[in-house]
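Overview (structure and organization)
These are the residues of each chain, in order.
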Amino acid sequence: MVDLGIIGAGIMGERLARAALEHATESVRLVGIWDPNPAAMARIGAALPAIPPLGSAEAVIAASDCVYVASPPSSHLEHGGRALAAGKALFCEKPLAVDVEVGGAFVAKAAGARAAVNFPFASSLAVARLREWMPAIGTPQNLEIELAFATWPRGWQSDAAGWLDGSAQGGFTREVGSHFLFLSRRLLGPLVLHDAQAEFPETGRSERAIRANFSAGKLKARLTGGVGITDTDDHNLWTLTGETGAIRLRDWSVAERLVDGTWQPDPDALPNVRMRPLVLKRQLAGVAAMTQGSPHELATLAEAFEVQGIVEAILVR
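The following paragraphs examine the structure supplied in this document. Quick caveat: nothing in here was measured; it's all calculated off a predicted structure.

Reading the values: rules and limits
- Per chain, residue numbering runs from 1 following the sequence as it is written.
- Predicted model: local features are reported for residues with pLDDT of at least 70 only, side-chain atom pairs are reported and counted for 80 or more only, and whole-chain, interface and lining totals are derived from all residues.
- Side-chain measures were taken over the full set of non-hydrogen atoms in the model, leaving aside hydrogen atoms and water.
- Aromatic contacts are taken between Phe, Tyr and Trp rings whose centres are within 6.5 Å, Trp giving its six-membered ring; a plane angle under 30 degrees counts as stacked, one over 60 as edge-to-face, and the others as tilted.
- To sort residues, take the accessible area from a 1.4 Å probe on protein chains only and compare it with the maximum for the residue type: under 20% means buried, over 50% means exposed, and anything in between is partly exposed.
- Strands here are runs of E lasting at least two residues and helices are runs of H or I lasting at least four, both read from the DSSP assignment and numbered beginning at the N terminus.
- The rule is short: NZ of Lys or CZ of Arg within 6 Å of the ring centre and within 35 degrees of the ring normal puts a charge over the ring.
- What makes two strands pair is DSSP finding at least two bridges between them.
- Convention adopted: a line fitted to C-alpha atoms gives each axis, helices being fitted over their contacting stretch, and angles between N-to-C directions are expressed from 0 to 180 degrees.
- Two residues form a contact once any of their heavy atoms are found within 4.5 Å.
- Salt bridge, as applied in this entry: a Lys or Arg side-chain nitrogen positioned within 4 Å of an Asp or Glu carboxyl oxygen.
- In these notes, a set of buried Ala, Val, Leu, Ile, Met, Phe, Trp, Tyr and Cys residues joined through side-chain atoms within 4.5 Å is what counts as a nonpolar core.
- Put simply, angles under 35 degrees are roughly parallel, angles over 145 are roughly antiparallel, angles from 65 to 115 are roughly perpendicular, and the rest are oblique.
- By convention, the crossing between two helices is left-handed when the near helix turns anticlockwise from the far helix through less than a right angle, and right-handed when the turn is clockwise.

Notes on the packing of aromatic side chains
Applying the stated rule across the entire model yields 8 aromatic pairs. With 5.3 Å between their ring centres and 80 degrees between their planes, F149 and W152 make a pair best called edge-to-face. The two residues F149 and W152 agree in class, both being buried. For the pair F149 and F172, a centre-to-centre distance of 5.0 Å together with 40 degrees between the ring planes defines the contact as tilted. Taken as a pair, F149 in strand 6 (residues 140-149) and F172 in helix 8 (residues 172-188) lie far apart in primary sequence, 23 residues in all. As far as the burial class goes, F149 and F172 line up, both buried. Every member of this aromatic cluster is reached through a ring pair, and the members are F121, F180 and W252. Sitting over the ring of W156, R15 keeps its end group 4.5 Å from the ring centre.

Below you can see the structure in the form of structure tokens.
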């Protein structure tokens, strides 16, 4: 059993906390949460009264074996560095950082530390199914990633719109695109960006469209995304085409393969709202293993930094 503390009482902090309380009590014990926003602390206290409220980030670090940093991106490495300096394990929300130079220095300094980044595709049952199917499609020929949003931020993120829709820390490329770049890195190999373009039509606000050509391992890949091009909160596709077939991940959690010209879902597929708790349970088992020095499949700092570098290069204006 690992004592886990949380810095950041926003959406992601609450999601992981719920998963810990409802699905992962055999792996982690929540020992405290802190957020500098009193309203956020009041909200999390009302929603999850079983989590002890603490008075500072330092108090969370002191109480924990592992610290989950779920604050806005610009503060990730400040809190993460303090946790590692105190000898604690670190589970950091993505993106690792928004400043590539700072991120690189942190990763170099943290070499060998017990640290990982929260890319849930590392524990995804749908991704595991894609791995099983990959040999059947033959040598991969092409990868297409498509991201579509009705609005940005998405409706359920409105409370964090202040930073989520700012160009300095927010935008869908950092928040969503990074997940699919990580997936590409994990399944296909190192990422190299060839060319990219991002559209920022509103001063000070995040991007509204992107396109990027990159490589994952030896495979050519393309990433496109836009706001206002779907009626749902978000719709995404990660499609891998090989010599003898094609597979894809649809809407976060549905693995599908092309059979006789028709996309057929995995019979065990679940919509993301039902799949998410199962995946977070597996993530938290990985957090416990990482904290205890045991093998795990969580995203490494090096993987997260590679993804960060691609994301920030896409967003350069």
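Let us keep going from here.
Overview of the sheet that holds strand 11 (residues 246-250)
Across the sheet, which stays open at both edges, the 8 strands sit in the order 7-8-9-6-10-11-12-13 with mixed pairing between neighbours. Across the chains shown, the open sheet's two edge strands, defined by having one partner strand only, are strand 7 (191-199) and strand 13 (262-265). Pairs of neighbouring strands in the sheet enclose a mean axial angle of 15 degrees, with direction left out of account. Both strand 8 (residues 209-216) and strand 9 (residues 219-227) contribute to a ladder of 8 bridges, which runs antiparallel. Within strand 9, the position partnered with A216 by the bridge is L219. Along the sheet face, helix 8 touches strand 6, strand 7, strand 8, strand 9, strand 10 (234-242) and strand 11 and points at about 160 degrees away from the line of strand 6. Against the sheet, helix 10 (residues 301-314) contacts strand 7, strand 8 and strand 9, and its axis sits at roughly 35 degrees relative to strand 7.

Remarks on the sheet that holds strand 3 (residues 66-69)
Spatially, 5 strands are ordered 2-1-3-4-5 in an open sheet, and the strand pairing comes out parallel. At either end of the open sheet lies a strand with only one pairing partner, and these are strand 2 (28-34) and strand 5 (115-118). Going from strand to strand, the sheet's axes swing by 20 degrees on average, the running direction of each strand aside. Two strands pair when backbone bridges link them, and strand 4 (residues 89-93) and strand 5 are joined in this way by 4 bridges, in the parallel orientation. From the neighbouring strand, F91 faces strand 5, where its bridge partner is A116. Helix-sheet contacts for helix 9 (residues 272-291) involve strand 1 (2-7), strand 2, strand 3, strand 4 and strand 5, and the interaxial angle to strand 4 is about 145 degrees.

Here's the deal with the pattern of salt bridges
Pairing between side chains becomes possible if they bear opposite charge and their charged atoms approach one another. The full count for this structure, using the stated rule, is 23 salt bridges. One salt bridge connects E22 with R18, and the closest N-O pair in it is separated by 3.7 Å. Here the residue E22 and the residue R18 both occupy positions in helix 1 (residues 11-23), the gap between them amounting to 4 residues, near one helical turn. Among the ionic pairs, E132 bridges to R129, the shortest N-O distance being 2.8 Å. Highlighted residues: E132 and R129, both in helix 6 (residues 125-133), separated by 3 residues, approximately one helical turn. Take E132: its relative accessible area is 53%, and that puts it in the exposed class. Via salt bridges that share partners, E14, R18, E22 and R43 belong to a single interconnected network.

Description of the nonpolar core
By size, the foremost hydrophobic cluster in this structure holds 67 residues, and its most contacted members are L143, F180, L188, F214, W238, L240 and L249. Here this core gets 8 residues from one element, more than from any other, and that element is helix 8. Not counting the four nearest positions on each side in its chain, L188 is found in contact with M134, L143, A216, G217, L219, W238 and L240.

Comments concerning the packing of helix 8 against helix 10
Here helix 8 crosses helix 10 at 130 degrees, and the two axes come no closer than 9 Å. Judged by the inter-axis angle, helix 8 sits oblique to helix 10. When you trace helix 8 past helix 10, the crossing you get is right-handed. Counted together, T173, R174, S178, L181, F182, R185 and R186 of helix 8 and E303, E306, V307, I310, V311, E312 and I314 of helix 10 form the full contact between these two elements.

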